[in-house]
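Residues per chain, in single letters:
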Amino acid sequence: MFTIIGERINATRSSIMDAVEKRDSETIRQEAIRQTEAGADYLDVNSGSRPGQIGQDMAWLIEVVQEAVATPLCLDSPDPAVLEEAYQQVKAKPLINSISLESNRFQPLLSFLKGKDCSIIALCLDDQGLPKTAPEIIDRAGALIEGLEGIGFDRARIHLDPLIQPVAVDVNAGLNAVWAIQGILKKYPGVHITCGLSNISFGLPLRRSINRILLPILMTAGLDGAILDPLDGKIMSILTISKMILGQDRFCRQYTQAARAGVISL
Ligand code: THG
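Since we're looking at a predicted model, the values are computed, not measured.

Novice: I'm lost on the site of the ligand in this one. Help?
Specialist: Lining the immediate environment of the ligand, one finds 13 residues, of which Glu7, Asp76, Asn97, Asp161 and Ile227 sit closest. Asn97 places a side-chain nitrogen or oxygen 2.9 Å from a nitrogen atom of the ligand. Coverage of the ligand by the protein chains reaches 68% of its 670 Å² of free accessible surface. Listed by contribution, the elements that provide at least two residues to the shell around the ligand are strand S1 (3–10) and strand S5 (119–123).

Novice: Just to check I follow, could you spell out helix H7 (residues 173–187) for this structure?
Specialist: Along an α-helix, residues three or four positions apart point the same way, because every turn accommodates 3.6 residues. Here H7 spans 21 Å end to end across 15 residues, near enough to the 21 Å set by a 1.5 Å rise per residue. Restricting attention to buried positions, one finds in H7 the residues Ala173, Gly174, Asn176, Ala177, Val178, Ala180, Ile181, Gly183 and Ile184.

Novice: I'm lost on the packing of helix H2 (residues 25–37) against helix H3 (residues 54–68) in this one. Help?
Specialist: Each pair of packed helices gets described by two things: the angle between the helix axes and the distance between those axes. In contact at an axis separation of 9 Å, H2 and H3 are set at 55° when each is read in the N-to-C sense. With respect to H3, the axis of H2 lies oblique. Here the hand of the crossing between H2 and H3 comes out right-handed. Seen from H2, the contacting residues are Ser25, Ile28, Arg29, Ala32 and Ile33; seen from H3, they are Trp60, Leu61, Val64, Val65, Glu67 and Ala68.

Novice: Even after reading the chapter, I still don't get the packing of helix H4 (residues 80–89) against helix H5 (residues 106–113), so can you show me in this structure?
Specialist: The interhelical angle for the contact between H4 and H5, taken along N-to-C directions, is 15°, at an axis separation of 10 Å. The angle between H4 and H5 falls in the class roughly parallel. H5 is crossed by H4, and the crossing has right-handed handedness. Residues Pro80, Leu83, Glu84, Tyr87 and Gln88 of H4 form the contact with H5, whose participating residues are Pro108, Leu109 and Phe112. When its residues are assigned to classes, the contact of H4 with H5 shows 6 nonpolar, 1 polar and 1 charged.

Novice: Can you help me understand the environment of Gly196 in this one?
Specialist: Position of Gly196 among the secondary structure elements: in the loop between strand S7 (192–193) and helix H8 (207–221). Distance in space between the C-alpha atoms of Gly196 and Gln182 is 18 Å, their sequence separation being 14 residues.

Novice: Help me understand the side chain of Ser77 in this model?
Specialist: Looking at the element boundaries, Ser77 is found in the loop between strand S3 (73–76) and H4. Here Asp79 takes part through its backbone nitrogen, which lies 3.0 Å from a polar atom of the side chain of Ser77. Those residues in contact with Ser77, other than ones at most four positions away along the chain, are Val82, Leu83, Asn97, Ser98 and Arg105.

Novice: Even after reading the chapter, I still don't get the nonpolar core, so can you show me in this structure?
Specialist: Across soluble globular proteins, nonpolar side chains show a tendency to be buried alongside one another. Formed by 75 residues in total, the largest nonpolar core has its most connected members in Ile99, Leu113, Leu160 and Leu215. Here the element with the most residues in this core is helix H6 (residues 134–150); it accounts for 7 residues. Aside from chain neighbours lying at most four places away, what touches Ile99 is Arg105, Phe106, Leu109, Leu110, Leu113, Ile120, Ile121, Ala122, Leu123, Leu144 and Leu148. One finds Ile5, Ile121, Leu125 and Ile227 within the second-largest nonpolar core, a separate group that totals 9 residues.

Parameters and conventions
Residues numbered from 1 in each chain as written. Predicted model: local features only at pLDDT ≥ 70, side-chain atom pairs only at ≥ 80, totals over all residues. Heavy atoms only, no water. Near = heavy atom within 4 Å. Polar contact = N/O pair within 3.5 Å; in protein donor to acceptor, adjacent residues only side chain to side chain. Areas by Shrake-Rupley, 256 points an atom, 1.4 Å probe, with all protein chains shown as cover. Helix = DSSP H or I, 4+ residues; strand = E, 2+ residues; numbered from the N terminus. Expected span 1.5 Å × (residues − 1). Buried < 20%, exposed > 50% of the residue type's maximum accessible area, 1.4 Å probe, protein only. Axes fitted to C-alpha atoms, helices over the stretch in contact; angles between N-to-C directions. Parallel < 35°, antiparallel > 145°, perpendicular 65-115°, else oblique. Left-handed = near helix turned anticlockwise from the far one by under 90°. Contact = heavy atoms within 4.5 Å. Nonpolar A, V, L, I, M, F, W, Y, C, P; charged D, E, K, R; others polar. Core = buried A, V, L, I, M, F, W, Y, C linked by side-chain atoms within 4.5 Å.

Printed below as a string of structure tokens:
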């Protein structure tokens, strides 16, 4: 199964930041309902970076989303303390976004996660910063899996994020991601791979077009989840068709149903 994580409830988007500041719950409710109806498996919730407000803003967002839908949440914060507090509030098994090898995040989150019933996104990132080559990414993935398996967190609950770089910064960014995903799955079969699709297009025109094409390229390498905008009918159509072409849609059932319902639009 491909894991769709709806990205829209993120206070780095100006409309969400506005809603958070005004405590405009209707805007958040609508985002939660529309992404759920569009097929999101998880709803990413990121309360942004208002100084001294991040925890309260997160708590408010979670409350509003959970009143609107039963969709599990993807708790998105770089701060382990924010994630721990948010975890106490969720009603359905969440996806925690994220752990990394950075020293302020790795051990604190490992201690917290021990014995918890949830899944985790693990960023291939350490105190050295972003790894650049595929072998470096695979090496970070190995250290993350080892740490998590060491506290009894099985692979099926780990979603590795190779952290795609902008292709405008490094012309090999896309290819490195392909090689990294292939290498990780060869060495650590059974682990999940997810990523944000929008980093690749940073600094370039027509960003959404680039993001959309990245998806099937990475799926061919083994990507089985993504943080994306499920209200983008084109990317959802690309996902449905790619799953079929890659043998993940028995009897082409999901595709033919979507086509008949008129929701394939490319
Ligand atoms: N990996 C993991 N988590 C992540 C990311 C990742 N969380 C945050 C981010 N990256 C993914 N989420 C979003 C949410 C919204 C937008 C992009 C990524 C977005 N961007 C607008 C755009 O690209 O046009 C601009 C912002 C706006 O609308 O104001 O909407 O990589 N694990």
